[in-house]
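# Residue-level structure breakdown
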Amino acid sequence: MPDLPARPVVHIVGARPNFMKAAPVVASLRRADVPQVIVHTGQHYDPLLSDVFFADLGLPQPDINLGVGSGSHAEQTAALLVGLERAFTDLAPRLVVVYGDVNSTVAAALVAAKLLVPLAHVEAGLRSFDNTMPEEVNRRVTDLLSDILFVTSPEAVDNLVAMGTPRTAIHFVGNPMIDTLLANLHRLDPGPVLARLGQVAPYGVATMHRPSNVDDPAQARRMVDMLRAVADQAPLVIPLHPRGRPQLEAAGLHSGERLRIVEPMGYVEFLSLVRGAAFVVTDSGGIQEETTVLGVPCLTVRPNTERPITITHGTNRLVEPEAVVGAVAEVLAAGPGGGPHSVPPLWDGRASERIAAIVVEWLATR
Ligand code: UD1
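Residues numbered from 1 in each chain as written. Predicted model: local features only at pLDDT ≥ 70, side-chain atom pairs only at ≥ 80, totals over all residues. Heavy atoms only, no water.

Attention now moves to the site of the ligand. With respect to spatial proximity, 18 residues lie near the ligand, and among them H44, Y45, N103, E135 and R243 are the closest. Within the side chain of Q43, one N or O atom sits 2.9 Å away from an oxygen atom of the ligand. In this structure, Q76 approaches the ligand through a side-chain N or O atom, which is 3.4 Å from an oxygen atom. Put simply, the parts of the chain that give the shell around the ligand at least two residues each are α1 (16–31) and α3 (73–91). (Near = heavy atom within 4 Å. Polar contact = N/O pair within 3.5 Å; in protein donor to acceptor, adjacent residues only side chain to side chain. Helix = DSSP H or I, 4+ residues; strand = E, 2+ residues; numbered from the N terminus.)

Here we take up the sheet that holds strand β2 (residues 36–40). Pairing is parallel in the open sheet, where seven strands are placed in the order β3-β2-β1-β4-β5-β6-β7. The sheet is open, and its two edges are formed by β3 (64–65) and β7 (170–172), each paired on a single side. Summarising the sheet, strand β4 (residues 95–99) and strand β5 (residues 119–124) pair through four bridges and their orientation is parallel. Considered in β5, the bridge of V97 is made with A120. Packing of helix α5 (residues 134–145) onto the sheet brings it into contact with β4, β5 and β6 (148–151), and relative to β5 it is tilted by some 140 degrees. (Pairing = 2+ DSSP bridges. Contact = heavy atoms within 4.5 Å. Axes fitted to C-alpha atoms, helices over the stretch in contact; angles between N-to-C directions.)

This paragraph deals with helix α6 (residues 154–162). Because an α-helix packs 3.6 residues into every turn, residues spaced three or four apart end up facing the same way. Burial in α6 covers these residues: A156, V157, N159 and L160. Down the axis of α6, the buried side of the element spans an arc of 160 degrees, and every buried residue falls inside it. Those residues of α6 that are buried are in contact with β5, α5, β6 and β7. Looking one or two residues beyond α6, the residue adopting positive phi is G164, at roughly 95 degrees. (Buried < 20%, exposed > 50% of the residue type's maximum accessible area, 1.4 Å probe, protein only. Arc of directions from axis to C-beta.)

Once that is clear, we can look at the packing of helix α4 (residues 103–114) against α5. Across the interface, α4 lies against α5 with an axial gap of 9 Å and an inter-helix angle of 30 degrees. The angle between α4 and α5 falls in the class roughly parallel. Note that α4 runs across α5; the crossing there is left-handed. Where α4 abuts α5, its residues N103, T105, V106, A109, L110 and A113 lie against N138, V141, T142 and L145. Looking at the contact of α4 with α5, its residues break down into six nonpolar, four polar and no charged. (Parallel < 35°, antiparallel > 145°, perpendicular 65-115°, else oblique. Left-handed = near helix turned anticlockwise from the far one by under 90°. Nonpolar A, V, L, I, M, F, W, Y, C, P; charged D, E, K, R; others polar.)

Written as structure tokens, this is what we have:
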């Protein structure tokens, strides 16, 4: 165990969507001189899914990497539980902070609860009300076990209250992922990535990795047919997550002139590509929020979303695969701008400051 601070606040990160949420919280707590330790579970280990984000976001290198890697949900969660229990036993955290809804999040919540370590959940209360999504299970369990619940949008407060969470434990602070987006806005220039790819506007960006869209061969074929049809309307760039790549290729997805499959991108490069896009087709959670702030139309190929505020306020729409082509035609006809939309309340770049202030006050009362 390296030389680490005694009784720290311990942040758990593991998968790509955690890093942009943790970065501003870690920075805000550092400014408040709070002793901190970053534990990377190793759920994501490919440099393009992990290392590149630490470099892009100025997130300090993890103090500990558990190296759990991939596996079935049971295998991965079991390895997470064992590794995190050892780490928490050694570190004796004053508070564990978890982010989002990935397997690393729920595993850290379970371990903290069993070791009687207080737990804070950043991005609590989101609900798709669809328990076939592994992330929905992770969200519910993590929220049940959390002592401090940081919420990104008002309906998440209602979801937590409905579950019986005491109101005093719920803090509507805004969205730290959007803190990261706004802090990096000046770096988001589509020019370099378009030059690298030899891509000209107008173009769309697509991402696809959810088990419900890629694992079943028939559903994967629906997705591939949709992506091909969209690429006939406007050239499409697809930075493809390694999960699902074999299934989508087996279903007939091949890179070509109008449908470019590229490696996963770093934070700045990917959001620069999105910023310059005419539209995005995705099954991601976070991209629904980022496009809302960037004013880029987002077509989410899912039957539901845990982020309804991106529809009521933002540029997001839920679409069946067969309806994407029609939606893209509408978006292209409407021109740039994403139609009338507003940025959700408190998505103002200061969420992590609010989180840090609450944590500092909480630590002072212990
Ligand atoms: C995880 C999250 C998902 C999130 C996504 C973002 C869970 C349950 N899911 O999904 O919510 O949207 O991250 O990326 O936590 N793999 C690699 N390299 C890696 C990591 C994974 O190739 O560095 C491949 C492996 O084949 C692995 C598969 O991706 O088996 C699944 O990885 P896993 O960490 O289980 O979940 P993701 O699909 O990445």
